[in-house]
Amino acid sequence: MDNFEATFTDISDWEQIVHYSTGGTRSKYITVHPVTNEEYFFKGSKETPNGEIRYPTEFWSEIVSSKIGQSLGFKMLDYNIAYDKKHRQRIGCLSKSMILHSENKLTEGIYYLTGFNSKYNPDKDKSKYTFQFIREALSHFNLQQYINNIIEVIIFDSIISNSDRHQENWGVIMYYKQTIAVIEKQLSAKKLGFWGNIDLKFKRFMNKSFIILNKQEKKMSSNTLKFHSEATLHQFAPIYDSGCCLGREHEEAKVEKMLNDIQMLEAYIKKGDSEIHWENLEKKSNHFDLVS
């Protein structure tokens, strides 16, 4: 288990990037490693609009869940311990960015769902956020090969009792720069004929345009999303943002009490619900029913 021990990093003097949006509700920012220039995310625990830290240990749940996932063989984003003396919470979790904004892009699930059904409102249509809906949306954008990844996410969430796998907590990474390099290599071979070269040049142009769009953080239309998935190399993102789990909502004394009372612990485990619904069911399913 030593391979999954969390590291500790003091990032107090790391430079923050203020012009990229991080999304979500937790106290977080993007920072740059002073030697490698690689981008990292620092996250504290979730704060309410009035500044209250409702679940102070939530960042620990993020770290521990990532280590559990890795130990079980899931493809995980790695989270470790970070300290920032200038940040309000000081201690949080640190993860290396899955993307470089000048080369690729994470397209979150919400864009595929709303692109597939423009009337879908994530805030109001919670019971419509179903496994079947996700499957249909991915298939619409020719990403049906990632349905098994969604199932893996559901299974992992059942193991850690994650209650917050919403539409922004999974996605697909598009590799613009890598795609352009492949196209350049194909064009240099000059074996595809006139129309083949025209098609490749168009795809190269579109991928270069995607990089520009990404820098400007513009949303893409449904048609652009579909072309995006057909013309660009991509893969399902590692499992990330899994901090709403492992009893993070309870005080330490309550957790210790549960660990010493098997009936209490089992009742808590069985009560855990999945954010992803099952079709035609208004209420959330517990994790075990959804997996079944």
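Reading the values: rules and limits
Residues numbered from 1 in each chain as written. Predicted model: local features only at pLDDT ≥ 70, side-chain atom pairs only at ≥ 80, totals over all residues. Heavy atoms only, no water. Helix = DSSP H or I, 4+ residues; strand = E, 2+ residues; numbered from the N terminus. Rg over C-alpha atoms; globule rule 2.2 N^0.38 Å. Buried < 20%, exposed > 50% of the residue type's maximum accessible area, 1.4 Å probe, protein only. Contact = heavy atoms within 4.5 Å. Areas by Shrake-Rupley, 256 points an atom, 1.4 Å probe, with all protein chains shown as cover. Lys, Arg positive; Asp, Glu negative; His and termini not counted. Charge placed at Lys NZ, Arg CZ, Asp CG, Glu CD. Core = buried A, V, L, I, M, F, W, Y, C linked by side-chain atoms within 4.5 Å. Axes fitted to C-alpha atoms, helices over the stretch in contact; angles between N-to-C directions. Parallel < 35°, antiparallel > 145°, perpendicular 65-115°, else oblique. Nonpolar A, V, L, I, M, F, W, Y, C, P; charged D, E, K, R; others polar. Pairing = 2+ DSSP bridges. Expected span 1.5 Å × (residues − 1).

Asks: I would appreciate a short explanation of the overall build of the chain in the present structure.
Replies: For the chain, the helix and strand inventory stands at ten helices and nine strands. Relative to the compact-globule value of 19 Å for 292 residues, the chain shows a C-alpha radius of gyration of 21 Å, a close match. For the chain, with 292 residues in total, the buried portion stands at 46%. Excluding contacts between residues fewer than 6 apart, the proportion of contacts in the chain whose partners are at least 24 apart in sequence is 64%. For the chain, the accessible area works out to roughly 16,300 Å², and carbon and sulfur atoms hold 51% of it. Counting 38 positive and 38 negative side-chain charges, the chain places the averaged centre of each group 8 Å from the other.

Asks: Can you help me understand the nonpolar core in this one?
Replies: The tendency in soluble globular proteins is for nonpolar side chains to be buried as a group. With 37 residues, the main nonpolar core has Leu113, Ile134, Leu138, Ile150 and Trp170 as its most contacted residues. Contributions of two or more residues to this core are made by helix H2 (109-116), helix H3 (131-140), helix H4 (147-160), strand S8 (171-175), helix H5 (176-189), helix H6 (193-216) and helix H7 (222-231). Among the elements that line this core, the one with the most residues is H4, at six residues. Ignoring sequence-local partners within four residues, the contact set of Ile134 consists of Leu113, Tyr129, Ile150, Trp170 and Ile276. In this structure, Phe59, Leu77, Tyr79 and Ile99 belong to the second largest nonpolar core, which totals twelve residues.

Asks: Any chance you could explain the packing of H2 against H3 here in plain terms?
Replies: Axes are the key here: two packed helices are described by the angle between their axes and the distance separating the axes. One can describe the packing of H2 onto H3 by two numbers: an axis separation of 9 Å at closest approach and a directional angle of 80°. Comparing the axis directions of H2 and H3 gives the class roughly perpendicular. Residues Tyr112, Leu113 and Phe116 of H2 form the contact with H3, whose participating residues are Phe133, Ile134, Glu136, Ala137 and His140. Its residues assigned to classes, the contact of H2 with H3 comprises six nonpolar, one polar and one charged.

Asks: Quick question: what am I supposed to make of unusual backbone geometry here?
Replies: Negative phi values dominate among residues other than glycine, just as trans dominates among peptide bonds. Unlike most non-glycine residues, Asn37 shows phi in positive territory, near 65°. Relative to the assigned elements, Asn37 resides in the loop between strand S3 (26-32) and strand S4 (39-46). Even without glycine at this site, Asn280 takes up a positive phi of about 70°. One can find Asn280 in the loop between helix H9 (262-271) and helix H10 (287-291).

Asks: Just checking my understanding: could you explain the packing of helix H8 (residues 252-259) against H9 for this structure?
Replies: For the pair H8 and H9, the least separation of the axes is 6 Å and the interaxial angle reads 110°. Classified by the interaxial angle, the pair formed by H8 and H9 is roughly perpendicular. For the pair H8 and H9, the contacting residues are Lys254, Lys257 and Met258 in the first and Ile262, Met264, Leu265 and Tyr268 in the second.

Asks: How should the sheet that holds strand S9 (residues 233-236) be read in this particular structure?
Replies: Two modes of strand pairing occur in sheets, parallel and antiparallel, and in both the strands are linked by backbone hydrogen bonds. Sheet architecture is open: three strands sit in the order S7-S8-S9, paired in antiparallel fashion. The outermost strands of the open sheet, each flanked by one partner alone, are strand S7 (104-108) and S9. The average angle at which neighbouring strand axes cross in this sheet is 25°, direction not considered. Sheet topology places S8 next to S9; four bridges connect them, and they run antiparallel. Note on S9: the bridge partner recorded for Tyr175 is Leu233. Packed onto the sheet, H2 meets S7 and S8 and runs at close to 60° relative to S7.

Asks: So what exactly am I meant to see when it comes to H4 here?
Replies: Each full turn of the α-helix corresponds to 3.6 residues, which orients residues three or four apart in the same direction. Taking 1.5 Å of rise per residue, 14 residues should cover 20 Å, and H4 covers 20 Å from first to last C-alpha, within 8% of that figure. Every buried residue of H4 is listed here: Ile147, Ile150, Val153, Ile154, Phe156, Asp157, Ser158 and Ile160. Lining the buried residues of H4 we find helix H1 (58-71), H3, S9 and H10. Directly beyond the C-terminal end of H4, a positive phi value near 60° is found at Ser161.

By themselves these figures say nothing about function.
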